[in-house]
Amino acid sequence: MPEKSSNVTWHSGAIDRAAREKLAGHRGAVLWFTGLSGSGKSTLAHAVEAALHARACRTYVLDGDNIRHGLNGNLAFSAEDRKENIRRIGEVAKLFQDAGVLTLTAFISPFRADREAARGIIGDGFIEVYVKASLEACEARDPKGLYVKARAGEIKDFTGVHQDYEQPDDPELVVDTESMTLEHEVAAVLDYLEARGIIPANAK
Ligand code: ADX
């Protein structure tokens, strides 16, 4: 990233991440859902958010389609723009984590290097969740009709059609949406958060 800001100094207040986490009763973290369009990232992120909310956790979902209306509305789908998309989300998610929030991001984030850069920005709270579904399954689902448009040449740079999706090498979690029910997927994510001590283990 080109550094244009100079003469800026980081200011830390008396209330830090640990203090905010103590008040919240859980850790701040970033669940980074990655997968093809139609794999089920948004559905899963919102279902996990609902389950966490029911357990009185502070949550927020950053969703690709929504963020591209505002913050990243000036970005398209070239590799360069996707990189910038993920960099900005990484920085925003880091702020949410610092606020003590359980942050859920739902972006295709197709390139390994960009996800690793986000991991570098966010640090220890970065949890990569591979929302796994084959291209064939996603294309058969085609919830927004985008694969049909991409195949017809009406959309360019479409992931899985014109551009690669690079599967995670070593994600913290894999959720296979072709073989699991949504309920089991949510339970797998919550179990992981409990096992890591990010949320307290309590009655489900
Ligand atoms: S990412 O690759 O930069 O992470 P992001 O998750 O923000 O992508 O946006 C993907 C969403 O944008 C898709 O769910 C789809 O609705 C829409 N979209 C529009 N054009 C494309 C395209 N060429 N490739 C992928 N998704 C696209």
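Above this text sits the structure in question.
I will try to describe carefully the structure that is included in this document. (Residues numbered from 1 in each chain as written. Predicted model: local features only at pLDDT ≥ 70, side-chain atom pairs only at ≥ 80, totals over all residues. Heavy atoms only, no water.)

Take the packing of helix α2 (residues 41-54) against helix α8 (residues 182-195) next. Contact geometry of α2 with α8 gives a least axis separation of 10 Å together with a crossing angle of 60 degrees. If you check the angle between α2 and α8, you find them oblique. Regarding α2 and α8, the two cross each other, and that crossing is right-handed. Residues Thr43, Leu44, Ala47, Val48, Ala51 and Leu52 of α2 pack against Leu182, Glu185, Val186, Val189, Leu190 and Leu193 of α8. (Axes fitted to C-alpha atoms, helices over the stretch in contact; angles between N-to-C directions. Helix = DSSP H or I, 4+ residues; strand = E, 2+ residues; numbered from the N terminus. Parallel < 35°, antiparallel > 145°, perpendicular 65-115°, else oblique. Left-handed = near helix turned anticlockwise from the far one by under 90°. Contact = heavy atoms within 4.5 Å.)

Our next topic: the sheet that holds strand β5 (residues 173-176). With parallel pairing, five strands are arranged side by side in an open sheet as β2-β3-β1-β4-β5. The two strands at the open ends of the sheet, each matched to only one other strand, are β2 (59-63) and β5. Neighbour to neighbour, the strand axes of the sheet diverge by 20 degrees on average, direction disregarded. Relative to strand β3 (residues 102-106), strand β1 (residues 29-34) runs parallel, the two sharing five bridges. Within β3, the residue paired with valine 30 across the bridge is threonine 103. Relative to strand β4 (residues 126-132), helix α5 (residues 112-122) is tilted by about 150 degrees, and along the sheet it contacts β1 and β4. Along the sheet face, α8 touches β1, β4 and β5 and points at about 170 degrees away from the line of β5. (Pairing = 2+ DSSP bridges.)

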